[in-house]
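Structural overview for review
Chain by chain, the residues run as shown.
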Amino acid sequence: MSSPKKFDLTYVTVDSISEGVGSSQILPLLQRIAGAGLTINLISFEKTSPSNSAILSLEESKIIWNKRSFEKRGYLGGLSRLLEMRSEITNTELIHARSDIPAVAAILSQEAPVLWDIRSLWADQRSFIETNPIKKKAIGSLRILENVASVGSAAISTLTASVVPILEARHKRLPKLQIVVPTAVDLKRFRFFANFPTINRGLYSGTYNNYYDLSLSKSFIEQMSKLGPLEVEWARPKESSRASLDAGETRSFVANQIEMANIIPNYSFGMSICKLDAGPSLRAAMPTKAAEFLSCGRPMVVNTGLGDLDKYIQEFNAGVVLDGTENDIREKAHYLNELLADPETPFRCRALAEKYFDIDEGVKKYLKLYELM
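Described in the following lines is the structure provided in the data block.

Rules of the game
- Residues numbered from 1 in each chain as written.
- Predicted model: local features only at pLDDT ≥ 70, side-chain atom pairs only at ≥ 80, totals over all residues.
- Heavy atoms only, no water.
- Pairing = 2+ DSSP bridges.
- Helix = DSSP H or I, 4+ residues; strand = E, 2+ residues; numbered from the N terminus.
- Axes fitted to C-alpha atoms, helices over the stretch in contact; angles between N-to-C directions.
- Salt bridge = Lys/Arg side-chain N within 4 Å of Asp/Glu carboxyl O.
- Buried < 20%, exposed > 50% of the residue type's maximum accessible area, 1.4 Å probe, protein only.
- Contact = heavy atoms within 4.5 Å.
- Polar contact = N/O pair within 3.5 Å; in protein donor to acceptor, adjacent residues only side chain to side chain.
- Phe/Tyr/Trp six-rings, centres within 6.5 Å; stacked < 30°, edge-to-face > 60°.
- Lys NZ or Arg CZ within 6 Å of the ring centre and 35° of its normal.

Taken in spatial order, the seven strands of this open sheet run β3-β2-β1-β4-β5-β6-β7, and their pairing is parallel. Whereas interior strands pair on both sides, the edge strands pair on one side only; in this sheet they are β3 (64-69) and β7 (177-180). Looking at each pair of strands side by side, their axes are set apart by 15° on average, direction ignored.

Structural data, given as structure tokens:
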């Protein structure tokens, strides 16, 4: 009996496909890769029962979906998922591992060359967010996963160019095959809208953990409110444990990621301000929400040092970048007001998204890299 044909690609992630980045990024990415002719085995860890729409989308793309249960959280849960991934990876030509734990599992499987898809400096970011000193130290030790991934991977992709020098300084045996694929957005789904709302409206969207600077965000909103009528709202995920950010918003409402393409155009600008003292992990970050707003033609308010985003925004004059000082907050509030009065601003925002965040361009980069591995 002949052995079964190998998959062209096994894609491994701890993210759920039915929600958040799974539905907004992973699913459309894999659909396009499958459309290029690759056979794909998807291994994911689902926190809830998979949606019918996700199941149907993957079936239509002929993607084999190996659905696993996320189950336990914490260290034991992470170890359990790592071991489970390792045992489930089989019969494949290549492995695309999204983040550190999947990368280590893929390397340990010894099944095929591994692309380590670096979505963040995961251990650094988690350590910064953690407030318990003992847990913070323990999480910091998880950088060993990064060390293993750097040695055992055949190639890497990062969300930003800014993080590459940090990785090169940390790891002497970093793979030579490297690409930068910023957060990818389906530009057809997040459509362009040329006109702003009649009054200025700001929107917080998604989850805001301890990595975000809500105090600085609130200060900026307070300055904006002094310049004229302003509404600020928060589109929060249903799993959020809080009903308010206390960051200057006038109300919050529940929205899932699928709805954001229709919600964003009703607002004038988006907010994604992280803490300036978050350390090296800032250089690796590229918030999906920023790419979605820009795709719809809406400027962003961000902090300096946030991946490559501050450079992109300055290149296209597509928002404001805060350094945290009082004078800067006042000046940037006035400048955002000017941008919102400029009819060309939405076009510049969309041009930024088309240059840096187009999912179809991201797929081309991945396909070219796969050929080289």
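The structure having been displayed, the exposition proceeds.
Glancing now at the pattern of salt bridges. Within the structure shown, the criterion is met by 18 salt bridges. Lys332 serves as the salt-bridge partner of Asp328, at 2.8 Å between the closest nitrogen and oxygen. Of this pair, Asp328 and Lys332 both sit in helix α14 (residues 326-341), separated by four residues, roughly a single helical turn. Since its relative accessible area comes to 8%, Asp328 is described here as buried. With a closest N to O distance of 3.1 Å, Arg348 and Asp342 form a salt bridge. Given a relative accessible area of 24%, Asp342 falls into the partly exposed group. Ionic contacts of the salt-bridge type, sharing partners, join the residues Asp124, Arg143, Glu146 and Arg170 into one network.

Mapped onto the fold, Ser150 is located in helix α7 (residues 143-152). Judged by relative accessible area, Ser150 falls into the buried class, the value being 2%. With 104 residues separating them in the primary sequence, Ser150 and Val254 have C-alpha atoms 39 Å apart. Once you skip the residues sitting within four places of it in the chain, Ser150 turns out to touch Trp116, His171, Arg173, Leu174 and Pro175. Polar contacts involving the side chain of Ser150 include one to the main-chain carbonyl oxygen of Asn147, which spans 2.7 Å. Only 3.4 Å separates the side chain of Ser150 from the side chain of His171, close enough to count as a polar contact.

What follows deals with the packing of aromatic side chains. For the coordinates displayed, the defined rule picks out eight aromatic pairs. For the ring pair Tyr312 and Phe357, a centre distance of 5.9 Å and an interplane angle of 70° mean the geometry is edge-to-face. Separated by 45 residues along the polypeptide, Tyr312 in helix α13 (residues 309-316) and Phe357 in the loop between α15 (345-356) and α16 (359-372) bring together distant segments of the chain. Its relative accessible area of 8% is what places Tyr312 among the buried residues. Seen in terms of ring centroids, Phe316 and Tyr356 are 6.4 Å apart; in terms of plane orientation they differ by 85°. Their pairing is edge-to-face. Taken together, the residues Phe316 in helix α13 and Tyr356 in helix α15 connect sequence positions 40 residues apart. Taken together through their ring pairs, the aromatic side chains of Tyr312, Phe316, Tyr356 and Phe357 make up a single cluster. Its end group placed over the ring of Trp65, Lys67 keeps NZ or CZ at 4.9 Å from the ring centre. Here the guanidinium or amino end of Lys289 rests over the ring plane of Tyr208, the centre of that ring lying 3.8 Å away.

Take the sheet that holds strand β10 (residues 251-254) next. Taken in spatial order, the six strands make up an open sheet running β10-β9-β8-β11-β12-β13, and their pairing is parallel. Here the strands that pair on one side only, and so sit at the sheet edges, are β10 and β13 (319-322). In this sheet, adjacent strand axes meet at a mean angle of 25° when their direction is disregarded. Across three bridges, the pairing between strand β11 (residues 269-272) and strand β12 (residues 300-303) is parallel. Paired with Gly270 across the bridge in β12 is Met300.

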